[in-house]
Amino acid sequence: MADVDRYEPRGDRGHRGGYGGKKRRLREDDDSYDRRDRPQRRRYEEPTGTRLRKQLLAIAESPLRNAEDEALNIAKITAENWDDQYIKDTFCEISILLVLEQPFKIPFVAACVLHANTQNSEITTEILARAGAKAQGFLETGGWKEVKLLLRFFACLHSLFEDAGVFPILDELFNRAVDLQTASSEDTLGLELVKIILFTIPYIMATSTSESEQQKAAQLLNKTDIVASTPHMLDALVDPYINNEEEENRPMGFQTILTLLQKQLQTEAANEWKLACIPRPYSAVVTSGSDENGDAPTPAKHPFPSITVPTTVKLGPKALFPEIYFSLYADQDIESVPPTSNIAASLIRDTLVDTMNHLDFNRNAVAKFLIEMDCYWAPDTFVKRATPFDKLRAVPENKSTWKPEDLAVDAVFSQLLQLPTPEHKLVYYHSVITESCKIAPAAIAPSLGRAIRFLFRNVDAMDMELFYRFMEWFAHHLSNFEFRWKWTEWLDELDQSDLNPKKAFIIGALDIEIRLSFAKRIRETLPVQYAPLIPEGRDKDTPDFKYADDSTPYAEEGREILALLKKKASEDEIQTVMDKISAKAAEHNVQDVLVPCTDAYMTSVCYIGAKSISHVLSCIDRCKERLLAIGPQSEPARRQIISSVVDYWRDQPGVAVNIVDKLLNYTIITPVSVIEWALTDRLDRGRALARSQTYELVATTMAKVMNRVRQIVD
Amino acid sequence: MPQFQLRNTVERLDKPSSYAMSKYKKRRRDSNSDPSTRQPSPDLEEKLKDASTLYIGNLSFYTTEEQIHALFSKAGELKRLVMGLDRFTKTPCGFCFVEYYTHEDALDCLKYIGGTKLDERIIRCDLDEGFSEGRQYGRGKSGGQVRDEYREEFDPGRGGFGKKFREGEGYGEEYGEGQ
């Protein structure tokens, strides 16, 4: 699975094994080789470097193998071949890469180092030096996620530090945090630093709980309490549920990750730092510390790498906001995920989110790690994979009822529905859910179903942007699975007014489904009671041209314009008809005569280009001179352009949104005109706010403007 | 001394596919045989390192521009969309070119949309050197894509059986009838 840039050439590895002389089958374009004609030679033994790389990359992945044995084996290979530079690099570089890319493996990578330390303490020196240098680099550039993960790595190695280990750095980080927080009430970087401190402590305490360490941890927790427990002025910004409810009636509790973590750590401290969920695949080293000869030498101790926290800490590549702990399943009757009082909630969620956000370049790997998360925590942290939700009641008293599938779905939604924005494009999180459903449908689908029901139930209390994210996700997701859903569950909502949030959700979701498919197909996937939501007008590829009907004002002139445009007549001929419309309009005391002229013109453009986006674009392009001239002459006429498009495509709101978006690119209309059209002209006493098209027009226009500004600034 | 290098611990999805790589290799061999008329082709990685166009394959013949737009705009704003057409009938023949404004959006498309479904078919996405006139036509003998010439499986979204298969032309026609 690893992406190796350079293949190993032939030659020795400086190994002690005796297989020099066997031919290697390493070729650069293996892809063009027809493997069927060349059977694998089973007796072929891999070079040591390859073996080490594969084993290290795959550590802890198989539930059938004992992770501690794997760590022992890796340590052995490394120690035995330590004089080989390639082995040195393989071990150190991959270990550090794993720490940064697959954080759930950190305890296992640390175990390799701990075991290797007993065989050759140089290994530890080398890897500490490299990891230290990396940490220093990230401290200087403000790579706070990487700093957190490297400190966690050091924390898992705490038993081999001869000095105070990670604690001095944590104290330094705290000092910086205090400075930042006192300097500004808007500061979020200070919070991030405190979060790093709090996420490091449990891994130290899981490794070794000496008196001095317990004391230091208690001191730190005392200090961080005030920062972690104070509400932040940006908290309301990131709240997914509109804050007009009493605390008890909120669908989901509002707690920041920081506040929760502080409380959870204080609970653990009071319980002798049990930290049940953290895996400890290094018991052989820490407790007994004996080698093969049966002696019990104390493993070599090492100084903590010299790392200095810069006096001024940088914000780093992304803006930081307070993070709430988002959970669809927590603190409900059945404990299918850790309750928010349990530190496992924070620790597991943290690694899941970090993994997901780092490995966005391979959603398949992410899905696999999500499904197999039980391999990376202490045994019995979770209930068996794919245990049905109803069966959780039958689980004995002292056993866990935490479903890994629920934790996985929870983690993905915590990102998809994160405010202000998640780290990656929304469609990435869609794809993670899709892949998870593909590889473990029986396990994930029921959890997903419960997630959907929870969100739907509380859709009226949701932040508006999150409402639309949920809707778009839902429709896109179903489009990957034959649009299957238990639509019968929502039949009661169909009787509600279209202004009802749940009804509006259903209407919006179906509209998006139709855009990804077509009306007839979607109707087939629904119970008959849904038919009124998909009127026959939606089946029409080409909506009717309103001027074909004589009862429409300016019908004759409209038809003339259409004919002239079709035969690519001269501007003069078109102007003649425009003048006719202007005259007629003036007779009827129309205030702005350019408005009906524009309506006839733009509607004709829409009709001519009805076949596809490319068709309408080529027509707009031909007509852009006249269209561009409209806005500067008359703002109402400019907004009429939008009206004509939206009205012509009233049965296909998505097409209208696309065309309006393209008109913006041509600057035929302006962003302000779109906003005013949507939120003033067509507000319809607020009814427009229940239509997803309104939101889409405003949202895509705003996004476009923000993008342009960002481009200019960058 | 071999140098250890590892970019990531798992493979990346945002690279050119093996098809794109093999296209490059064939071209390289051809360019040697006719140096006077062929332009020197720059390194494939070089060419595709700023690519903002993607080739999309395995579409149904009935997939519309709107559907393509609805899906692919999730990875970024579309600059252009060119439908693949049958050379003779000028109707869609199951592929298209999607062009974004940025290379980053194209890579995101590969990572997040490639291999998922459009119009209920799993689509293929691949980095492309860029659309040029003529590339929107199928290169199969019958006018559609080459893969639809000899296809033996029935695919209702792509004209049923492959053109040759449908016409009863199997392989070995040149050997005449048996006894």
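What comes next concerns the included structure. (Residues numbered from 1 in each chain as written. Chains lettered and ligands numbered in written order. Predicted model: local features only at pLDDT ≥ 70, side-chain atom pairs only at ≥ 80, totals over all residues. Heavy atoms only, no water.)

Concerning the interface of chain B and chain A
If you look at the interface, chain B gives 43 residues, while chain A gives 56 residues. At the boundary of chain B with chain A, total buried surface from both sides reaches about 4400 Å², with 52% on carbon and sulfur atoms. If you sort the residues of chain B by the area they bury against chain A, B:F4, B:T9 and B:Y112 come out on top, with a joint share of 18%. At the boundary of chain B with chain A, the tally comes to 6 salt bridges. Put simply, B:E120 and A:R521 hold a salt bridge, and the shortest N to O gap is 2.6 Å. At the surface where chain B touches chain A, the tally comes to 24 residue pairs in polar contact (both at pLDDT 80 or more). Elements supplying a minimum of two residues to the side of chain B that touches chain A: β1 (6–8), α1 (18–33), α3 (65–72), β3 (78–85), α4 (103–112) and β5 (117–118) of chain B. Here the element with the most residues in the side of chain B that touches chain A is α3(B); it accounts for 6 residues. (Contact = heavy atoms within 4.5 Å. Buried area = accessible area lost by both parts, 1.4 Å probe. Salt bridge = Lys/Arg side-chain N within 4 Å of Asp/Glu carboxyl O. Polar contact = N/O pair within 3.5 Å; in protein donor to acceptor, adjacent residues only side chain to side chain. Helix = DSSP H or I, 4+ residues; strand = E, 2+ residues; numbered from the N terminus.)

Things to note about the state of the cysteines
Residue and element names in this part refer to chain B. Counting across every chain of the model gives 0 disulfides over all chains. There is no disulfide at C96, and the cysteine sulfur nearest it, in C125, is 8.4 Å away. Among the residues examined, C96 registers a relative accessible area of 0% and is labelled buried. (Disulfide = S-S within 2.5 Å. Buried < 20%, exposed > 50% of the residue type's maximum accessible area, 1.4 Å probe, protein only.)

Topic: the side chain of A:D187
Residue and element names in this part refer to chain A. Within the secondary structure, D187 is located in the loop between α7 (167–183) and α8 (189–207). The side chain of D187 is buried and forms no salt bridge, while K195, the nearest opposite charge, is found at 12 Å. Within polar-contact distance, the side chain of D187 engages the side chain of Q181 at 2.8 Å. Discounting residues that sit within four places of it in the chain, D187 has contacts with L180, Q181 and H232. (Lys, Arg positive; Asp, Glu negative; His and termini not counted.)

Quick word on helix α20 (residues 555–566) of chain A
Residue and element names in this part refer to chain A. For α20, with 12 residues, the first-to-last C-alpha span of 17 Å sits near the 16 Å given by 1.5 Å per residue. Within α20 the residues assigned to the buried category are A555, E557, G558, I561, L562, L564 and L565. Looking at the packing, one finds that the buried side of α20 touches α21 (571–587), α22 (594–608) and α23 (613–622). Positive phi appears at K568, one or two residues downstream of α20, with a value of about 55°. (Expected span 1.5 Å × (residues − 1).)

Describing unusual backbone geometry
With the exception of glycine, most residues fall at negative phi, and the peptide bonds are largely trans. All names here are of chain A. Following L419, the chain continues to P420 via a peptide bond in cis, the omega torsion being -5°. The residue K568 is not glycine, and still its phi comes out positive at about 55°. We note that N589 has phi near 60°; this positive angle belongs to a residue other than glycine. Tracing the backbone shows N589 in the loop between α21 and α22. On the basis of relative accessibility, which here comes to 68%, the residue N589 falls in the exposed class.

Geometric descriptors of this kind do not, in isolation, establish any biological role.
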